[in-house]
Amino acid sequence: MQKEPIAWTEELRRAFRDPLALAEHLGIPLSSLPELPIEPDFPFLVPRPFVARMRPGDPSDPLLRQVWPDRREAIHLPHEMDDPVGDDHARKCAGVLQKYEGRVLLVTTGACALACRYCFRQNYGYEDTPHSDTDWDAIFEDLAGDTRLREAILSGGDPLTRTDSVIARWVARIEAIPHIETLRIHTRLPVAIPSRVTPDLCSILDATRLRIVVVVHINHSAEIDESFTNAMSRLRGCGATLMNQSVLLKDVNDTADQLESLSFALWRAGVLPYYLHALDPVRGSSRFRVPDHVGVELVDEIRRRLPGYLVPRLVREIMRKPSKTPLG
Ligand SMILES: *Cc1c(COP(=O)(O)O)cnc(C)c1O
Ligand code: SF4
């Protein structure tokens, strides 16, 4: 008999919240890891299914690098910002960002299942994220009044940290707006905790008239394993279109070989590469920075090696531009 997967909520409860415990679990001496910050401004959170894909004993593991806090986070370069992508400017009201025509992004929660050290929204003011049904009512009324909208994007934080019943309510209210055709979900949860793709979630997505796009966030081929692939099959089974966005990160995925492996691994899991984001200059992230010209050369190289549909678009998000900006 197949073993019942551990419920995702339980996985979240059992996640590592202390870097020392994670280092010990992986059998890596602290002396071989980057020094920890004295007062980290960003929490540590890594669920066990993600840890299971790290190589024990390897301080340069690319998954570990994405989550390991580092004293260099205290280095704030002059061009780095708390709000590197101009979210403040795009805020229509609490919880609603509109930067691009026809698409509105809902900041549904500040919570994530994984704390990525390079996260561009790590300083976002989540305090006023709408919570009650009444807060959300006002937002959905607003969307209903804007007939130029075609697509609503659930983002955050990670919308899939909310329960299936909350998601069912969001879907029902978006579905009730006739001009919205597409519901997009930006999430890293199926990567962090694949069992989050529950049968209930699939039923909700299967039943709606909305076209569903799920955009996951994977940076390295080692993040893709059988449990993730199975979660993607479940989502495909309910008709969702599956895509991935990555961030180009120094010493994680900044080689043509890794970007090529990542695209093929995504393809085998039924996911198409969508964006490769140049790192947003969020405060304290300089150790992850890859110069734009290197990004352009890497993508030129993988364009030679891969079918066009496996080449992600290298983009940078520049404040107040009407779309993400292609870099080459
Ligand atoms: C990135 C982003 C989108 C989606 O842009 P696409 O190019 O359609 O993927 C929408 N709204 C905001 C605020 C964004 O940052
Ligand atoms: S999952 Fe996304 S929003 Fe959450 S910490 Fe990682 S990059 Fe940031």
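Residues numbered from 1 in each chain as written. Chains lettered and ligands numbered in written order. Predicted model: local features only at pLDDT ≥ 70, side-chain atom pairs only at ≥ 80, totals over all residues. Heavy atoms only, no water.

Visitor: Any chance you could explain the overall build of the protein chain here in plain terms?
Guide: Helices and strands together make up the secondary structure of the protein chain, namely 12 helices and 10 strands. Computed over the C-alpha atoms, the radius of gyration of the protein chain is 19 Å, within 12% of the 20 Å expected from 2.2 N^0.38 for a compact globule of 328 residues. For the protein chain, the spread of C-alpha atoms along the three principal axes comes to 55 × 55 × 45 Å. Here the protein chain holds 328 residues, and the buried ones make up 55% of them. Considering only contacts within the protein chain whose residues lie at least 6 apart along the sequence, 82% involve residues at least 24 apart. Taken as a whole, the protein chain presents about 14900 Å² of accessible surface, with 53% of it coming from carbon and sulfur. Taken together, the 41 basic and 46 acidic charged side chains of the protein chain have centroids lying 3 Å from each other. (Helix = DSSP H or I, 4+ residues; strand = E, 2+ residues; numbered from the N terminus. Rg over C-alpha atoms; globule rule 2.2 N^0.38 Å. Buried < 20%, exposed > 50% of the residue type's maximum accessible area, 1.4 Å probe, protein only. Contact = heavy atoms within 4.5 Å. Areas by Shrake-Rupley, 256 points an atom, 1.4 Å probe, with all protein chains shown as cover. Lys, Arg positive; Asp, Glu negative; His and termini not counted. Charge placed at Lys NZ, Arg CZ, Asp CG, Glu CD.)

Visitor: Even after reading the chapter, I still don't get the site of ligand 2, so can you show me in this structure?
Guide: Ligand 2 sits among C112, L114, C116, C119, R188 and H217. Class assignment for the residues of the shell around ligand 2 results in 4 nonpolar, 1 polar and 1 charged. (Near = heavy atom within 4 Å. Nonpolar A, V, L, I, M, F, W, Y, C, P; charged D, E, K, R; others polar.)

Visitor: Would you explain the nonpolar core in this entry?
Guide: Nonpolar side chains tend toward joint burial in soluble globular proteins. By size, the foremost hydrophobic cluster in this structure holds 73 residues, and its most contacted members are V46, M54, L64, L106, I174, F228 and L235. Take this core: its biggest share by element is 5 residues, from helix α7 (residues 164–175). Each of domain 1 (8–74) and domain 2 (87–326) accounts for three or more of the residues forming this core. If you look at the next biggest cluster of nonpolar residues, it comprises 12 residues, including L248, L259, V290 and L310. (Core = buried A, V, L, I, M, F, W, Y, C linked by side-chain atoms within 4.5 Å. Domains from an automatic or database assignment.)

Visitor: Can you walk me through helix α6 (residues 133–144) in this structure?
Guide: Residues lying three or four places apart along an α-helix face the same way, a consequence of the helix completing one turn every 3.6 residues. An ideal rise of 1.5 Å per residue puts 16 Å on 12 residues; α6 measures up with 16 Å between its terminal C-alpha atoms. Restricting attention to buried positions, one finds in α6 the residues W136, I139, F140 and L143. For α6, the arc enclosing every buried residue in end-on projection is 95°, short of the 170-degree limit, so these residues lie on one face. Those residues of α6 that are exposed and aimed more than 90 degrees away from the buried face are T134 and E141. Against the buried residues of α6 lie β1 (91–93), β2 (96–100), β3 (103–107) and α7. (Expected span 1.5 Å × (residues − 1). Arc of directions from axis to C-beta.)

Visitor: Mind showing me how you'd approach the pairing of strand β4 (residues 151–155) here?
Guide: Look at any regular strand and the pattern is simple: side chains alternate between the two faces of the sheet. With respect to burial, β4 is a largely interior element, 5 of its 5 residues being buried. With burial as the criterion, each face of β4 is covered, one bearing E151, I153 and S155 and the other bearing A152 and L154. Sheet analysis places β3 next to β4, joined by 5 bridges and oriented parallel. Within β4, the residue paired with V104 across the bridge is A152. (Pairing = 2+ DSSP bridges.)

Visitor: Any chance you could explain the site of ligand 1 here in plain terms?
Guide: Inspection of the region around ligand 1 gives K99, Y100, R103, L105, I153, R184, Y274, Y275, E317 and K324 as its neighbouring residues. R184 has a polar side-chain atom sitting 2.8 Å from an oxygen atom of ligand 1. Take E317: an N or O atom from its side chain is 3.3 Å from an oxygen atom of ligand 1. Here ligand 1 loses 93% of its free accessible area of 390 Å² to cover by the protein chains. At the level of elements, β2, β3 and β8 (272–277) are the ones that each hand at least two residues to the shell around ligand 1. Grouping the amino acids of the shell around ligand 1 by side-chain chemistry returns 5 nonpolar, no polar and 5 charged. (Polar contact = N/O pair within 3.5 Å; in protein donor to acceptor, adjacent residues only side chain to side chain.)

Visitor: Just to check I follow, could you spell out the environment of V197 for this structure?
Guide: Structurally, V197 is set in the loop between α8 (189–192) and α9 (199–207). In sequence terms V197 and G145 are 52 residues apart; their C-alpha atoms lie 32 Å from each other. Once residues within four sequence positions are removed from consideration, V197 is found in contact with P190, C202, A231, R234 and L235.

Visitor: I tried to follow the environment of I28 on my own but got confused; where do I start?
Guide: Along the chain, I28 turns up in the loop between α2 (19–26) and α3 (48–51). Under the relative-accessibility criterion, I28 is labelled buried at 4%. Separated by 19 residues in the primary sequence, I28 and T9 place their C-alpha atoms 28 Å from one another. Not counting chain neighbours up to four residues away, the residues in contact with I28 comprise A23, L33, G57, D58, P59 and L64.

Visitor: Where do I start with a nonpolar patch on the surface in this structure?
Guide: Residues W267, L272 and Y309 make up a contiguous nonpolar surface patch of roughly 300 Å² in combined accessible area. By the secondary structure assignment, L272 is in strand β8. On the accessibility criterion, L272 (33% relative accessible area) is partly exposed. (Patch = residues over 30% accessible without salt bridge, like charges linked within 9 Å, V, L, I, M, F, W, Y side chains within 5 Å. Salt bridge = Lys/Arg side-chain N within 4 Å of Asp/Glu carboxyl O.)

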